[in-house]
Amino acid sequence: MSKFAWKRINWTEVHQRVDRTQRRIYKASLEKNKEKVTFLQNLLIHSLDAKLIAVKRVTTENRSCQTTHIENTFYNTDTKKINLVKKLKINGVARCDFVVNYTIKRIAPNFMHKKLNSGKRKNNRRVEPFEHWIEDRAKQHLVLMALEPEWESKFEPNSYGLRPGRSCHDAVVAILGYLKVGRNKHNFKKYILDANLKGCFDNINHQYLLEKLDTSPLIRKQIRAWLEAGILKNFNTSDYEIMKNNIKTPPDVIISSLLINIILHGMENYLQYWISTFSEPKLEFPGDMKLVSRKNSMSQLGVIRYADNFILIHKDNEILKHAKITLQLWLKQTSGIEFHDATISIIRSTEGFKFLGYRFINVKSYNRIRLKIYPEKQVVNKIINHIGNILRTNRSISSYDLILKLKPIITGYCNYYSICECSHLFNKLDHLTFQMLRAWVFRRDKMNNRHKVKEKYFPSGNTYVYYGKSHRDNWVLVGTKKLKNGQTKNIFLPKFSWAPSIVHIGVRPIQPFASIYDGNKQYWEKRKLTTV
């Protein structure tokens, strides 16, 4: 391949060919044609198109990841990317145990560059672990593209965590459906079992996962190598639901997200079977569960799972206590994962509970029963600390560059919480953010009077258009940049309170296994515009 081959790749055709193979895997899995699924998966992991996409995602598209400075050090040219594509191969080897706990993220970029450059002049041993780590991430993308379509045809409908086409908002909408008040307003109280699991990959039965994958020997050998090397440890979905607006693919959520869903797959089906036979309680569980009709008592039990976080909802407290014991036994006999005993709790819906950064509660006022959802109290401190850290570490940059850093963060938080009652929170965030911005501005210019500095950074009399609505405000941070053609470009920092409210519609319940691989492009493309 020539030096400029990378730039001449027709990425549209590459994605189309890979998507076609993935749709074939999805269809064959629905038809339970295991031989065809395995054949197509092997075809995909050896295809040039899939390798090109895997390399592009870890070296080019993942610009906002915390490891960008590493990727840019080793694979910053087209020739190096092509060379990575040539040597990319699923070979059952995990060579990046050097960065098991992702300590690489905690190294200062300048120090790292100096350390890497000095090591490269002496020998290549110091550089190899980082190169192998990036190569291993590309391998994970490659395996993910092969396994994901198969399991998307199997996953349960109430599993929303880190799946393509699904989001936290879908989980929130599902919770609202279970907690909504029906005609019997005197029986609106429900109970919620809220539980977290201990470190999944730290305590998992590796053999159980590999047998449950039931995939080709080559892919199984590669995943076994990752598990034994400890690369998939320390999986944690906390804060990911909020931060995913600002990062495309965190380094610890490539193949881990799929594997944790595979490990916990069957939880909802098992609980359906268990509650349908609750009159004759049995602690054993069958090997292959089939979906039980929603006409039975299962319709009263809600199972909402987001990766390794889940809640159970039912109107009977005693049933939830039995469900907790039964689920503990199921986890112990399958994956070996255990509950965090300190975090297990059964809560009334009238007392309120937390899930995915939201707080849900049933309230009764003026003989009217309402279900309220609003952000957690800790969210304000979390957001303000995030913005404050950016302001403290960027004291000398221009206001234009500062807005480029802050705007996607503000937009991401607004998009995440705009489906709940957040006006009070957003007004408070606007006030605290403004105080920090004002201190940042007046600290920069002490030679001029404060009125002149204010008009430079917060001009009066301007009108700003955000999400199609006009806002007139005298205290909006504005940045200006001169372009190469001599023109100037102005941008502004939007306020939290300007974000519009969103009515989110969950995944259609028509098909239990609806997926982005089912061929309905129009539906899933439309969801991309509204899904956080």
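The model shown is predicted, which means the values in this text are computed figures rather than measured ones.

## Thoughts on the overall build of the protein chain
Of regular secondary structure, the protein chain possesses 20 helices and eleven strands. Out of the 532 residues belonging to the protein chain, those deemed buried represent 51%. Taking contacts inside the protein chain between residues at least 6 apart in sequence as the whole, the part at least 24 apart equals 72%. Split by element, the accessible area of the protein chain, about 26,900 Å² in all, is 49% carbon and sulfur.

## Quick notes on the confidence of the model for the protein chain
Overall, the predicted model of the protein chain reaches an average pLDDT of 79, with 77% of residues at or above 70. For the protein chain, the element scoring lowest by mean pLDDT is helix 6 (residues 109-122), at 41; helix 2 (residues 34-45) scores highest, at 95. When the criterion is pLDDT under 50, residues 97-127 qualifies, and its contacts beyond four places in sequence or with other chains add up to 38 contacts. In this model residues 280-297 is a low-confidence stretch, pLDDT under 50, and it forms 25 contacts with partners more than four residues away in sequence or in other chains.

## Some remarks on a positive patch on the surface
A contiguous patch of positive charge, built from Arg-20, Arg-24, Lys-27 and Lys-36, is present on the exposed surface. It is helix 1 (residues 11-30) that provides the largest number of residues to the positive patch, a total of three residues. By secondary structure assignment, the location of Lys-36 is in helix 2.

## Here we look at the sheet that holds strand 1 (residues 191-196)
Within the open sheet, the four strands sit side by side as 2-3-1-4. Their pairing is antiparallel. At either margin of the open sheet sits one strand with a lone partner, and together these are strand 2 (302-306) and strand 4 (345-348). Averaged over neighbouring strand pairs, the angle between their axes works out to 20 degrees when direction is ignored. Relative to strand 3 (residues 309-314), helix 15 (residues 317-333) is tilted by about 145 degrees, and along the sheet it contacts strand 1, strand 3 and strand 4.

## A word on the state of the cysteines
With the rule as written, the count across this model stands at zero disulfides. A disulfide-free cysteine, Cys-414 has its sulfur positioned 7.7 Å from the sulfur of Cys-422, the nearest such atom. Exposure remark for Cys-414: the relative accessible area of 2% places this residue in the buried category. Cys-422 takes part in no disulfide bond, and the closest cysteine sulfur, belonging to Cys-420, lies 4.8 Å away. Its relative accessible area of 8% is what places Cys-422 among the buried residues.

## Comments concerning the side chain of Lys-56
Of note, Lys-56 is situated in helix 3 (residues 48-61). Here Lys-56 falls in the buried class, since its relative accessible area comes to 16%. Other than its neighbours up to four places away in sequence, Lys-56 contacts Trp-6, Trp-11 and Glu-61.

## A few points about the sheet that holds strand 6 (residues 358-365)
Ordered in space as 5-6-7, the three strands form an open sheet in which the pairing is antiparallel. Two strands in the sheet have a free side with no partner beyond their single neighbour: strand 5 (353-355) and strand 7 (368-375). In this sheet, adjacent strand axes meet at a mean angle of 25 degrees when their direction is disregarded.

## Observations concerning the nonpolar core
Core analysis: the largest hydrophobic core is formed by 130 residues, its most contacted members being Ile-223, Leu-312 and Tyr-358. Setting aside residues no more than four positions away along its own chain, Ile-223 makes contact with Val-143, Leu-147, Leu-210, Leu-213 and Leu-259. In this structure, Val-476, Val-478, Phe-492 and Trp-498 belong to the second largest nonpolar core, which totals six residues.

## Regarding the packing of helix 17 (residues 399-417) against helix 18 (residues 423-444)
Helix 18 packs onto helix 17 with a crossing angle of 170 degrees between their chain directions and a minimal axis gap of 13 Å. Taken together, the axes of helix 17 and helix 18 lie roughly antiparallel to each other. Contacts between helix 17 and helix 18 involve Ser-399, Leu-402, Leu-406, Cys-414 and Tyr-417 on the former and, on the latter, Phe-426, Leu-437 and Trp-440. Of the residues in the contact of helix 17 with helix 18, the class split is seven nonpolar, one polar and no charged.

## Observations regarding unusual backbone geometry
Positive phi values are uncommon outside glycine, yet Leu-162 reaches one of about 55 degrees. Relative to the helices and strands, Leu-162 is located in the loop between helix 7 (128-152) and helix 8 (168-179). Judged by relative accessible area, Leu-162 falls into the buried class, the value being 16%. Non-glycine residue Asp-214 carries a positive phi angle of around 50 degrees.

## Focus: the packing of aromatic side chains
This model, assessed by the stated rule, comprises 19 aromatic pairs. Taking 4.7 Å as the distance between ring centres and 85 degrees as the angle between the ring planes, the aromatic pair formed by Tyr-466 and Tyr-467 counts as edge-to-face. Tyr-466 sits in the buried class, given a relative accessible area of 8%. The exposure class of Tyr-467 is partly exposed, given its relative accessible area of 48%. Pairing Tyr-466 with Trp-498 gives two aromatic rings, centres 6.3 Å apart and planes at 50 degrees, and the pair type is tilted. With a gap of 32 residues between them, Tyr-466 in strand 8 (residues 463-466) and Trp-498 in the loop between strand 11 (488-492) and helix 20 (521-528) connect regions that are remote in the sequence. Pair check on accessibility: Tyr-466 and Trp-498 agree, each one buried. Here a set of aromatic residues connected by ring pairs shows up, and it is made of Phe-353, Tyr-358, Phe-360, Tyr-416 and Tyr-417. Seen from the ring of Trp-11, Lys-56 lies directly overhead, with NZ or CZ sitting 4.3 Å from the centre.

Cut-offs and rules
Residues numbered from 1 in each chain as written. Predicted model: local features only at pLDDT ≥ 70, side-chain atom pairs only at ≥ 80, totals over all residues. Heavy atoms only, no water. Helix = DSSP H or I, 4+ residues; strand = E, 2+ residues; numbered from the N terminus. Buried < 20%, exposed > 50% of the residue type's maximum accessible area, 1.4 Å probe, protein only. Contact = heavy atoms within 4.5 Å. Areas by Shrake-Rupley, 256 points an atom, 1.4 Å probe, with all protein chains shown as cover. pLDDT = per-residue confidence, 0-100. Patch = residues over 30% accessible without salt bridge, like charges linked within 9 Å, V, L, I, M, F, W, Y side chains within 5 Å. Salt bridge = Lys/Arg side-chain N within 4 Å of Asp/Glu carboxyl O. Lys, Arg positive; Asp, Glu negative; His and termini not counted. Charge placed at Lys NZ, Arg CZ, Asp CG, Glu CD. Pairing = 2+ DSSP bridges. Axes fitted to C-alpha atoms, helices over the stretch in contact; angles between N-to-C directions. Disulfide = S-S within 2.5 Å. Core = buried A, V, L, I, M, F, W, Y, C linked by side-chain atoms within 4.5 Å. Parallel < 35°, antiparallel > 145°, perpendicular 65-115°, else oblique. Nonpolar A, V, L, I, M, F, W, Y, C, P; charged D, E, K, R; others polar. Phe/Tyr/Trp six-rings, centres within 6.5 Å; stacked < 30°, edge-to-face > 60°. Lys NZ or Arg CZ within 6 Å of the ring centre and 35° of its normal.

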